[in-house]
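Survey of secondary and tertiary structure
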Amino acid sequence: MVTVVSEQISHGWGETVHKRLDGESYYFVSFDEYKAKRRADIFESLWLAIDGVDIVDQDVIPIKVAREGKAAIASYLYSVHLKSIGNIAEILKVSPSTVEQYLTDVKAGRRL
């Protein structure tokens, strides 16, 4: 899950990407720098599109995100709950390629 803290935490493994949004620091950690950056960028796009995002427990989607539809939900699950593309596809009952398209579109600002 994404970590919201006032200063960087050293996880001792992987790559960390930092985003500062509305005075809060968000850290995205992954074994792969590309994935950490992608998760951070998608989170930032979602945040900006819906004017902030609440970080909630693992199997919960904030109402504000759910109201925006499947692309927003996919983006939240991917960036905050660190779900895989396949897992998100199962949850949303769409194909993995559709999930990839949702994420790409949200990151590019084409959805929401």
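So, here is what we can say about the structure in this document.

Thresholds, definitions, all that
- Residues numbered from 1 in each chain as written.
- Predicted model: local features only at pLDDT ≥ 70, side-chain atom pairs only at ≥ 80, totals over all residues.
- Heavy atoms only, no water.
- Helix = DSSP H or I, 4+ residues; strand = E, 2+ residues; numbered from the N terminus.
- Buried < 20%, exposed > 50% of the residue type's maximum accessible area, 1.4 Å probe, protein only.
- Core = buried A, V, L, I, M, F, W, Y, C linked by side-chain atoms within 4.5 Å.
- Contact = heavy atoms within 4.5 Å.

Digging into unusual backbone geometry
A negative phi holds for most residues other than glycine; trans holds for most peptide bonds. Positive phi, normally seen in glycine, also occurs at Asp 22, with a value near 50 degrees. With respect to the element layout, Asp 22 can be found in the loop between strand S2 (15–21) and strand S3 (24–30). At Asp 51, a residue that is not glycine, the phi angle is positive and equals roughly 60 degrees. Tracing the backbone shows Asp 51 in the loop between helix H1 (33–49) and helix H2 (63–66).

Quick look at the environment of Thr 104
Within the secondary structure layout, Thr 104 lies in helix H5 (residues 96–108). Taking the relative accessible area as the measure of exposure, Thr 104 reaches 36% and is therefore partly exposed. When the C-alpha atoms of Thr 104 and Ser 75 are compared, they prove to be 9.3 Å apart, with 29 residues separating the residues in sequence.

What to know about the nonpolar core
The biggest cluster of nonpolar side chains holds 29 residues, and the ones touching the most others in it are Phe 43, Val 53, Val 65, Ala 74, Ile 88, Val 99 and Leu 103. Counting only elements with at least two residues in this core, the list comes to S2, S3, H1, helix H3 (70–79), helix H4 (85–92) and H5. Per-element accounting of this core gives the leading share, 7 residues, to H3. Excluding anything up to four places from it in sequence, Val 65 contacts Ile 50, Val 53, Ala 72, Ile 73 and Tyr 76.

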